[in-house]
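# Structural description and commentary
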Amino acid sequence: MFLFHKIGHGNHKEDSPFLSSADAVGKRTDYYDRNLALFEEELDIRPKVSSLLSRLVNYTSITQGAKEHEEEESADASRQKTPKSPNMGTLMGVYLPCLQNIFGVILFLRLTWIVGMAGIIQSLLIVIMCCSCTMLTAISMSAIATNGVVPAGGAYFMISRSLGPEFGGAVGLCFYLGTTFASAMYILGAIEIFLKYLVPQAAIFHATDPLRSDSALLNNMRVYGSLCLSLMAVVVFVGVKYVNKLASLFLACVIISIVSIYAGAIKSITHPPDFPICMLGNRTLKLDGFDVCAKTVMSGNITELSQLWNRFCLPGNMSSTHCDDYFLHNNVTEIQGIPGLASGIISDNMWGNYLQKGEILEKAGLQSVDAHSAIEYFVQYVSVDITTSFTLLVGIFFPSATGIMAGSNRSGDLRDAQKSIPVGTILAITTTTIVYLSSVVLFGSCIEGVVLRDKFGDAVKKNLVVGTLSWPSPWVIVIGSFFSTIGAGLQSLTGAPRLLQAIAKDNIIPFLRVFGHGKSNGEPTWALLLTGLIAELGILIASLDMVAPILSMFFLMCYLFVNLACAVQTLLRTPNWRPRFKYYHWALSFLGMSMCLALMFISSWYYAIVAMGIAGMIYKYIEYQGAEKEWGDGIRGLSLSAARYALLRLEAGPPHTKNWRPQLLVLLKLDEDLHVKYPRMLTFASQLKAGKGLTIVGSVIQGNFLDSFGEMQAAEQAIKNMMEIERVKGFCQVVVAAKVREGIVHLIQSCGLGGMKHNTVVMGWSPIVLLTLQRVNTVRCTTAAHLALMVPKNVSFYPSNHERFTDGNIDVWWIVHDGGMLMLLPFLLKQHKVWRKCKMRIFTVAQMDDNSIQMKKDLATFLYQLRIEAEVEVVEMHDSDISAYTYERTLMMEQRSQMLRQMRLSSAEKQREVCSKSQFHLSFYCFLMTIRRKEVTVFEEVDVPLDKVQMTWTREKCEAERKNRSNAPENFRELMSLKPDQSNVRRMHTAVKLNEVIVNKSHDARLVLLNMPGPPRNADGNENYMEFLEVLTEGLERVLLVRGGGREVITIYS
């Protein structure tokens, strides 16, 4: 059944599964259909398919693209009521935007340098690795993007809806940071082109020391980069429509620049460009400050010193004693910087030549005399500004393979997104891969190796190296690359704030909520401000080679999780996983994920750790905040599959004693307002469990399920809220039953699933309760089910999670062996910060014929083997005569039991009957009044404190007693002549004596744990059983009665 109450991502939830007849009559005329009369009563909550389809047809997705923002900024946007249907095809909507985002600054500024350092073979390997990673990611992305509509957020939306809000928020922010740093990288590239090749005179800072010229360049980059960033931010703030209108111009610049490279390479076969390189020995000289590559020049018939001589010798001095030794002993030669495609230079550039920072670029094969050269002359040579390695070059090149998400970000603008996104993205990656591979081969085949390794073109008169190969002029590349990098920076600065806005609007990261707001037309003003500040951090780094690996990490992190999302969805085979793109496989996604992870650590292992740490912290923050988002994500499906597998494994048998821990079923009582009556029950459970193992909180609502369903849901929500307050990690189960006793039995029998079932029941003991049949019945049920039982008495006095016991004892009274629970429970409690500083004392009871000294030694040895630290004490109990108090108390107990039987209370009344000491006297008083008076007057309630009496005698109860007054005298005489049963006297004697000993030793203990006696075999003794327990625990502030489940729960073995 498909039902869309609202078109969106929320699930329709029926208020009631049944339609009342009154509502049906009132609405029958609206939904009347002769052919659907059988369904007419439910057509208000289950609409006809025809009306459903009409709503689906009108569905529109608001995207992160450009069109809706342009329309909102236009004057007529407010008057437009009907949204325009998307009309972009594959070419304009996906292919060209992806090309524009993939091609960028690295192609023009660093690819020649990468080829020179790594060689053609390793450069091809770098390109293949990076482009294969993005191709596999594009396949996974195509599968996700064609599995339904992808609205605003692009990659973030796909990951969050596939892997859940935690992964979505973490990876979404990483993608946002990557896009933000990408804008900084493009701006730095544009400023480098501007200061190095367009207007070098614009430099503000100049190096006083030629050996430290890098710092002046970095400062210039920072100043001009900040100005450029501010200007671009203003353009984006004024209106994104200007950016979109200039996008075609920027793309044209990229295409023209690439075409000029190919044209220049072809032309170099016959007419290579003239860019001579001046070499001193085998060292490359900077072609700056001299015009002739020679030591001397002929002026007429006179030999004069060249400008080059003056750079290595004292000016105007012909003496060789004042020249640099290396300059004197080596010849100056001139080689061609661009030999051309037919020169065969490809063989020299085939292999890598990695250099350390400060090394001079040298050409192998040229003769050179090794002579000393002064440090001050090193500035005349072309040297390396950064230590290079294969891993560094991978990190620098990878940003030139990013940008594959441009098509998915515009899915709302596409005519057929499920067809255009896969085709356009894969074609764009294929095109760019071919361009990169061919460019590597062309650069290595046409350009001299020392020129390729010259990052800033100092050897070719400060020309852009890739520009020296272009046709018709190097300025084509310089101007084209400048505008293309400006355009790419604007696109990144436009997309990043919208991505942050999409994350903020999902409300999964509370502190980002402010960035979901913006101008009246939806422009993310605050997000743009934050983006500008973060981009400024990248600008302050001021080095393109340092910023590129940073954004590589964030993009690789994003791509990794795109592959993971596809793999998880494919392996889980969820019913909703039906992508139209069929050419995917989970193995390809895992391969892509592995490549992303490998590239992260290849590029920069420390950056990879930092990026993963940032993502991990965001993940844990979202998880800690508890993002209540149900997006049908794959991680939830994966959790279900893992849970199913684990449950099937647990079915193999009961857990070993070493793995046994209390899996709790906490039985809670709710008041009339459905609030938890004793919240400290949950506090005690959280302290005992400390987040480990299973905790099920159960409660029973008396009534009929159909009538009490809403009440049951309200009770569940109240319990869940209290569990959250008390930090109890577990499940809630509320049942509706005709009788509370039956409901408790249902909970004990049916809670849990498979091997994840409870093994311990926690039942409350109200301070005013001495006897209830349902409590005794619960004890019997847990015993029959071989479950352990814990009954905390005076639970209201138990400490909260915010309290700390700085001293005190936890006393264990080990009277009978119950499987070791009495030893295990204090150890578990001491793991919690509330009880951590309490000491553990264990008492056991010795009879007259026991050797108490040997018992103490044996107990200490046993505790040592259990690795439990505790003080040991053996308490001797001597035989003594039964006291008059014990006899009188037993007699009073049995008289009350006999009285209840004679009053012939119904079973329902017996369940509600609560007998405290004060109520017993009240009942007995009423009974005597019934016997001695011929007629019972209106019974006035005896003044008994409310906290001592749960139920009072009413007029109706006394009237019922009047009907039995004929039998009352005989019953009373029988009651007064009753003699106590000797077995009950012995039990009462034991309870009194034990209580005296326990109170004497443990009156100041923080908690007393005590063996709970079993219920009597005969149900007639239920009332007496609860009285024994009351006597046993009198005078103690906090008592935990413990009854084992019939198995060992602690062992001395490892």
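Residues numbered from 1 in each chain as written. Predicted model: local features only at pLDDT ≥ 70, side-chain atom pairs only at ≥ 80, totals over all residues. Heavy atoms only, no water.

So, on to the overall build of the protein chain. When you go through the protein chain residue by residue, the secondary structure sums to 35 helices and 15 strands. Per-residue burial over the protein chain gives 52% buried out of 1054 residues. A fraction of 81% describes how many contacts in the protein chain between residues 6 or more apart in sequence connect residues 24 or more apart. Total accessible area on the protein chain is roughly 50200 Å²; 57% of this is exposed by carbon and sulfur atoms. (Helix = DSSP H or I, 4+ residues; strand = E, 2+ residues; numbered from the N terminus. Buried < 20%, exposed > 50% of the residue type's maximum accessible area, 1.4 Å probe, protein only. Contact = heavy atoms within 4.5 Å. Areas by Shrake-Rupley, 256 points an atom, 1.4 Å probe, with all protein chains shown as cover.)

What the rule picks out here adds up to 27 aromatic pairs. On the numbers, 5.6 Å between centres and 75° between planes, the contact of Phe-482 with Phe-483 is edge-to-face. Overall, Phe-482 belongs to the buried group, its relative accessible area being 17%. On the accessibility criterion, Phe-483 (36% relative accessible area) is partly exposed. Between Phe-684 and Tyr-798, the ring centres sit 5.6 Å apart and the planes meet at 90°, which makes this aromatic pair edge-to-face. With Phe-684 in helix H23 (residues 680-689) and Tyr-798 in the loop between strand E10 (788-793) and strand E11 (809-814), this residue pair connects regions lying 114 residues apart in the sequence. (Phe/Tyr/Trp six-rings, centres within 6.5 Å; stacked < 30°, edge-to-face > 60°.)

Looking now at unusual backbone geometry. A cis amide bond, omega 10°, links Trp-471 with the succeeding residue Pro-472. If you trace the backbone, Pro-472 turns up in the loop between helix H16 (465-469) and helix H17 (474-505). Positive phi is not limited to glycine here, since Lys-462 has a value of about 60°. Tracing the sequence through the fold places Lys-462 in the loop between helix H15 (449-452) and H16.

Looking now at the pattern of salt bridges. Pairing between side chains of opposite charge can happen when their charged atoms approach one another. Inspection of every chain in the model, using the stated rule, returns twelve salt bridges. A salt bridge links Arg-1006 to Asp-807, with the nearest nitrogen and oxygen atoms 2.9 Å apart. Linking Arg-1006 in the loop between helix H34 (982-1002) and strand E14 (1007-1011) with Asp-807 in the loop between E10 and E11, this pair joins segments that are 199 residues apart in sequence. Arg-1006 sits in the partly exposed class, given a relative accessible area of 25%. The class for Asp-807 is partly exposed, based on a relative accessible area of 42%. Of the charged contacts, one joins Lys-1001 and Glu-873 as a salt bridge, the two residues approaching to 2.7 Å between their closest N and O atoms. (Salt bridge = Lys/Arg side-chain N within 4 Å of Asp/Glu carboxyl O.)

Note: predicted coordinates in regions of low pLDDT should not be interpreted at a detailed level. Mean pLDDT over the protein chain works out to 79, with 78% of the residues at or above the 70 mark. With pLDDT under 50 throughout, residues 767-771 is counted as low confidence; its partners more than four residues away or in other chains account for 24 contacts. pLDDT under 50 marks residues 904-908. Its contacts with residues more than four places away, or in other chains, come to three contacts. (pLDDT = per-residue confidence, 0-100.)

As a further point, take the pairing of strand E13 (residues 871-876). The pairing of strand E12 (residues 839-846) with E13 spans six bridges and is classified as parallel. When the sheet's bridge partners are listed, Thr-844 is paired in E13 with Val-874. Between E12 and its parallel partner E13, the chain crosses via helix H28 (residues 852-865), and the hand of that crossover is right-handed. (Pairing = 2+ DSSP bridges. Right-handed = clockwise from strand over helix to strand, strands pointing away.)

Taken together, the side chains of Arg-727, Arg-804, Lys-833 and Arg-836 make up a positively charged region of the molecular surface. You can see Lys-833 is positioned in the loop between helix H27 (821-829) and E12. Overall, Lys-833 belongs to the partly exposed group, its relative accessible area being 37%. (Patch = residues over 30% accessible without salt bridge, like charges linked within 9 Å, V, L, I, M, F, W, Y side chains within 5 Å. Lys, Arg positive; Asp, Glu negative; His and termini not counted. Charge placed at Lys NZ, Arg CZ, Asp CG, Glu CD.)

With that settled, the discussion passes to a nonpolar patch on the surface. Taken together, Leu-597, Phe-601, Trp-605, Tyr-606, Ile-609 and Met-612 make up a surface patch of nonpolar side chains, about 600 Å² in accessible area. Taken together, the elements giving at least two residues each to the nonpolar patch come down to helix H20 (586-603) and helix H21 (605-625). If one sorts the elements of the nonpolar patch by residue count, H21 sits on top with four residues. In this fold, Met-612 is placed in helix H21.

Let us now look at the packing of helix H9 (residues 240-267) against H17. Orientation of H9 relative to H17, taken along the N-to-C sense of each, is 145°, at an axis distance of 8 Å. Where H9 crosses over H17, the two elements pack in a sense that is left-handed. Residues Val-240, Val-243, Ala-247, Phe-250, Cys-253, Val-254, Ile-256, Ser-257, Ser-260 and Ile-261 of H9 form the contact with H17, whose own contacting residues are Val-476, Ile-477, Gly-480, Ser-481, Phe-483, Ser-484, Ile-486, Gly-487, Leu-490, Gln-491, Thr-494 and Arg-498. Partitioned by chemical class, the residues of the contact of H9 with H17 number 13 nonpolar, eight polar and one charged. (Axes fitted to C-alpha atoms, helices over the stretch in contact; angles between N-to-C directions. Left-handed = near helix turned anticlockwise from the far one by under 90°. Nonpolar A, V, L, I, M, F, W, Y, C, P; charged D, E, K, R; others polar.)

You can see Gln-865 is positioned in helix H28. The partly exposed category is assigned to Gln-865, whose relative accessible area is 36%. The spacing of Gln-865 and Ile-1052 is 187 residues in sequence and 5.4 Å in space, taken between C-alpha atoms.

What follows covers the packing of helix H6 (residues 111-145) against helix H12 (residues 390-397). Two numbers describe a pair of packed helices, the interaxial angle and the distance between the axes. Contact geometry for H6 and H12: axes closest at 10 Å, N-to-C directions at 75°. Considered as vectors, H6 and H12 are oriented roughly perpendicular to each other. For the pair H6 and H12, the contacting residues are Leu-111, Trp-113, Ile-114, Met-117, Ala-118, Gln-122, Leu-125, Ile-126, Val-127, Met-129 and Cys-130 in the first and Phe-390, Leu-393, Val-394, Ile-396 and Phe-397 in the second. Of the residues that constitute the contact of H6 with H12, the class distribution is 15 nonpolar, one polar and no charged. (Parallel < 35°, antiparallel > 145°, perpendicular 65-115°, else oblique.)

Summed over the entire model, instances satisfying the criterion amount to two disulfides. In this model, Cys-278 is linked to Cys-293 through a disulfide, with the two sulfur atoms separated by 2.0 Å. Of note, the bridge from Cys-278 to Cys-293 carries an S-S torsion of about 85° and is right-handed in sense. Placement of the pair is Cys-278 in strand E1 (residues 276-280) and Cys-293 in the loop between strand E2 (283-284) and strand E3 (296-299), with a sequence separation of 15 residues. Relative accessible area serves as the criterion here: at 15%, Cys-293 is assigned to the buried category. A sulfur-sulfur separation of 1.8 Å characterises the disulfide bridge that pairs Cys-313 with Cys-323. Disulfide Cys-313-Cys-323: the torsion about the S-S bond is 120°, which places it as right-handed. One end of the pair, Cys-313, is in the loop between helix H10 (307-312) and helix H11 (325-329); the other, Cys-323, is in the loop between H10 and H11, and ten residues separate them in sequence. With relative accessibility at 4%, the residue Cys-313 sits in the buried group. Disulfide partners in the protein chain, listed by the sequence order of the bonded cysteines, are 1-2, 3-4. (Disulfide = S-S within 2.5 Å.)

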